[in-house]
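Residues per chain are reported as follows:
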Amino acid sequence: MKRGGLARRQAILFYAFVSPWIIGFLAFYIGPMIASFYLSLTSYEIIQPGEWVGLGNYGLLLTGDSLFWHSMSITAVYSALRIPLGLLIALGIALLLNQQLRGMSIYRTIYFLPTLLPAVASSILWVWVFEPNYGVLNNGLALVGVQGPRWLGDVDWALYAMVIMSLWGFGGAMIIFLAGLQGVPRTLYEAAMIDGANRWARFWNVTFPMISPVFFFNLVLGTIGAMQVFGEAYVVGMAGPGPGGPANATLFYYVLYLYTTAFTYLRMGYGAAMAWVLFLLILLLTGLNFVVGRRWVYYAG
Amino acid sequence: MNRAHVRPATAVPIRRTVRVDAILSRATGYLVVLALAALMLMPLSWMVSTSLKELHDVYTYPPSWIPKTVVWSNYPTALTTFPFLKYLGNTLIITATTVIGTLVSSCLVAYGFARLPAPGRGFLFILLLSTMMLPGQVTIIPLFILYTKLGWVNTYLPLIVPSWFAAGAFYVFLLRQFFLTIPNELSDAARVDGAGELVILTRVILPLSRPALLTVIVFSFMQHWNDFWGPLIFLQKEDTYTLSLGLAMFLTSIGSGMGRQWNLMMAASFVVMVPIIALFFFAQRYFIEGIALTGLKG
């Protein structure tokens, strides 16, 4: 009787303590999600009440909207470059730093800092770095005899410039890799060395399997992040050669399209449908990562 | 058993190659790490350099790293060209209230998840974690409509209120993980002395959770100081802008192409970065621990 009383008391207290989150969850997640899905089935435009259009928004988006495919392909190419490059650099540098190099904490600080800086300020900085004539990048390239492109002002280069900019922020993934690497037991390496495994073999047979869950985590997080790029693209678009310039067309990321649809043209029903397509795509990619991950992610214990 | 016989013969060459290997890889390691550090710092030093130049010096070819004359007055000029102090005040109000809200609500909720068993707790925790996966774009449109109807647009409420309801699942998760590491005996002892759960939380758990609390403070400060998406959507009147938003708008107002005053732009952008840089240097440990925790336990 007494035990049951305690359990009940604790359960009541649990719900009391957690109630702020439950209210928040209903008000800021579940409620808006339902509303957003409903909106996506209408032609709601804030100034005028919408009409029920069923799956019309989705149909138009997938079959009749060239901007949808345009912005999706930009986002896809960008992600396909940024995610693997970012992971590779982050892992490579983490491996280097993990060799107990002297001054390791200083390098870690330097590499990590850019990830924390406000996106607006650092994007503005990069626009200036990429400036074709007076910017530091092209002048550095000129020193080694390379004529740099017009970067953000060039249709063929703008996306690569954005990828380079994103790589400046590899530090977050690197810190996570470092934490993972520090968790690999030394004895495993010693055992591998006794067996005569070289560096490469040690990496593939010890290090990689042991940090594969961390690698997986970074991959999933990186994918979600790359799909949602917004601030950088917005600022670069504003700072670039002006609205309507090549940078605007080539950097028309999906979330930027969503933002202009919903908040510039106030087509909120259509925007909501766009958001759901993004959400489903992220779920799909995450699910795919999990399915494929089962083949290469190793969970010790 | 056979192996034991073979081992001594090969042991010496293996050790030698391992040593040469180690020295070589260390040398290249230092080289790569140093070169990359220089590369990483280049944009920031370029920013500071430009921020101290005269405008014609900015547009001199080839550009130099060292300003011909160091113009400190670019900073006051930049910060008076747009209402910097106003935006700073707005940003501070938003960050301060969201950090406090996050801290208070996340501690309560995390304590519940860590210490109070109840039916449905596991399920709710999974729900909590799953909110981290939901892209903000899905909820933003209905929230905007709701806030418009409530008259909250152009106020700070859309940015502040969610933090008081533990909307940042990451912070709850982080605190819960930390609370779990505190021995139960401590709270049991307090319970025997007749302390209620709230007293246990504030008198026993929180004093032992300083590192976790600092991590939450540091991250939520950074999150709201840097936030652009929220202010861009909910703050449309100029006098409500935050620094990030104001900076982006300032960019369009200083001309374009050759006439653009990059020295002022760099000065203003650098000032917006400085609090984060300073915070990072003082609280680096908490940033690194927080990030590492997400990777290892997430």
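What you are looking at is a predicted structure, and each value in this text was computed from that prediction instead of being measured. (Residues numbered from 1 in each chain as written. Chains lettered and ligands numbered in written order. Predicted model: local features only at pLDDT ≥ 70, side-chain atom pairs only at ≥ 80, totals over all residues. Heavy atoms only, no water.)

1. Focus on the side chain of N289 of chain A
- Structurally, N289 of chain A can be placed in helix α14 (residues 268-296).
- Ignoring sequence-local partners within four residues, the contact set of N289 of chain A consists of F216, L219, V220 and T223 of chain A. (Helix = DSSP H or I, 4+ residues; strand = E, 2+ residues; numbered from the N terminus. Contact = heavy atoms within 4.5 Å.)

2. Thoughts on the domain arrangement of chain B
- Segmentation of chain B into domains returns domain 1 (2-58) and domain 2 (82-253).
- Its C-alpha centre places domain 1 of chain B at a distance of 39 Å from the equivalent point of domain 2 of chain B. (Domains from an automatic or database assignment.)

3. Thoughts on the packing of helix α3 (residues 66-97) of chain A against helix α8 (residues 171-182) of chain A
All names here are of chain A.
- Between α3 and α8, whose axes approach to 8 Å, the crossing angle comes to 45 degrees. Of the possible angle classes, the one that applies to α3 and α8 is oblique. The two elements α3 and α8 meet at a crossing, and its hand is right-handed. Of α8, the residues touching α3 (which contributes L87, A90, L91, I93, A94, L95 and L97) are A173, M174, F177, L178 and L181.
- Here the residues of the contact of α3 with α8 sort into 12 nonpolar, no polar and no charged. (Axes fitted to C-alpha atoms, helices over the stretch in contact; angles between N-to-C directions. Parallel < 35°, antiparallel > 145°, perpendicular 65-115°, else oblique. Left-handed = near helix turned anticlockwise from the far one by under 90°. Nonpolar A, V, L, I, M, F, W, Y, C, P; charged D, E, K, R; others polar.)

4. Observations concerning the packing of aromatic side chains
- Throughout the structure, instances matching the rule amount to 60 aromatic pairs over all chains.
- Ring geometry for F68 of chain A against W69 of chain A: centres 4.9 Å apart, planes inclined by 85 degrees, an arrangement best described as edge-to-face.
- Of the residues examined, W69 of chain A reaches a relative accessible area of 48% and is grouped as partly exposed.
- Taking the centre distance of 5.6 Å and the plane angle of 75 degrees together, the rings of W46 of chain B and W65 of chain B count as edge-to-face. A residue pair is termed long-range when its members are at least 10 positions apart, and W46 of chain B in helix α1 (residues 2-51) and W65 of chain B in the loop between α2 (55-58) and α3 (74-81) qualify at 19 residues.
- By relative accessible area, which is 38% here, W65 of chain B ends up partly exposed.
- Through a chain of ring-to-ring contacts, three or more aromatic side chains come together here, namely F230, Y234, Y259 and F263 of chain A together with F144, Y147, W152, F228, W229 and F234 of chain B.
- Stacked on the ring of Y270 of chain A, the Lys or Arg R267 of chain A has its end atom at 4.4 Å from the ring centre.
- Over the ring of F125 of chain B we find R176 of chain B; its NZ or CZ atom is 4.0 Å from the centre of that ring. (Phe/Tyr/Trp six-rings, centres within 6.5 Å; stacked < 30°, edge-to-face > 60°. Buried < 20%, exposed > 50% of the residue type's maximum accessible area, 1.4 Å probe, protein only. Lys NZ or Arg CZ within 6 Å of the ring centre and 35° of its normal.)

5. Structural notes on the interface of chain B and chain A
- Listed by partner, the interface residues are 103 residues for chain B and 94 residues for chain A.
- Interface of chain B and chain A: buried area, both sides summed, is about 8800 Å²; carbon and sulfur atoms make up 79% of it.
- At the surface where chain B touches chain A, the tally comes to zero salt bridges.
- Taken together, chain B and chain A are joined by 10 residue pairs in polar contact (both at pLDDT 80 or more). (Buried area = accessible area lost by both parts, 1.4 Å probe. Salt bridge = Lys/Arg side-chain N within 4 Å of Asp/Glu carboxyl O. Polar contact = N/O pair within 3.5 Å; in protein donor to acceptor, adjacent residues only side chain to side chain.)

6. Remarks on the pattern of salt bridges
Residues and elements named next belong to chain B.
- All told, the structure shown has four salt bridges over all chains when counted by the stated rule.
- Residue K68 is joined to D57 by a salt bridge in which the shortest nitrogen-to-oxygen separation is 3.4 Å. With K68 in the loop between α2 and α3 and D57 in helix α2, this pair connects stretches of sequence that are 11 residues apart.
- The exposed category is assigned to K68, whose relative accessible area is 59%.

7. A closer look at the environment of G56 of chain A
Residue and element names in this part refer to chain A.
- Mapped onto the elements of the fold, G56 is located in helix α2 (residues 56-64).
- For G56, a relative accessible area of 35% gives the class partly exposed.
- As a C-alpha pair, G56 and V214 span 158 residues in sequence and 41 Å in three-dimensional space.

8. Quick notes on a nonpolar patch on the surface
- Taken together, the side chains of L143, V144 and V146 of chain A define a hydrophobic patch exposed on the protein surface, amounting to about 340 Å² of accessible area.
- In this structure, V144 of chain A sits in the loop between α6 (136-143) and α7 (158-167). (Patch = residues over 30% accessible without salt bridge, like charges linked within 9 Å, V, L, I, M, F, W, Y side chains within 5 Å. Areas by Shrake-Rupley, 256 points an atom, 1.4 Å probe, with all protein chains shown as cover.)

9. Focus on the confidence of the model for chain B
- On average, residues of chain B score 88 in pLDDT, and 90% of them reach the 70 mark or higher.
- Considering only residues more than four positions removed or in separate chains, one finds that residues 1-12 of chain B, a stretch of pLDDT under 50, has two contacts. (pLDDT = per-residue confidence, 0-100.)

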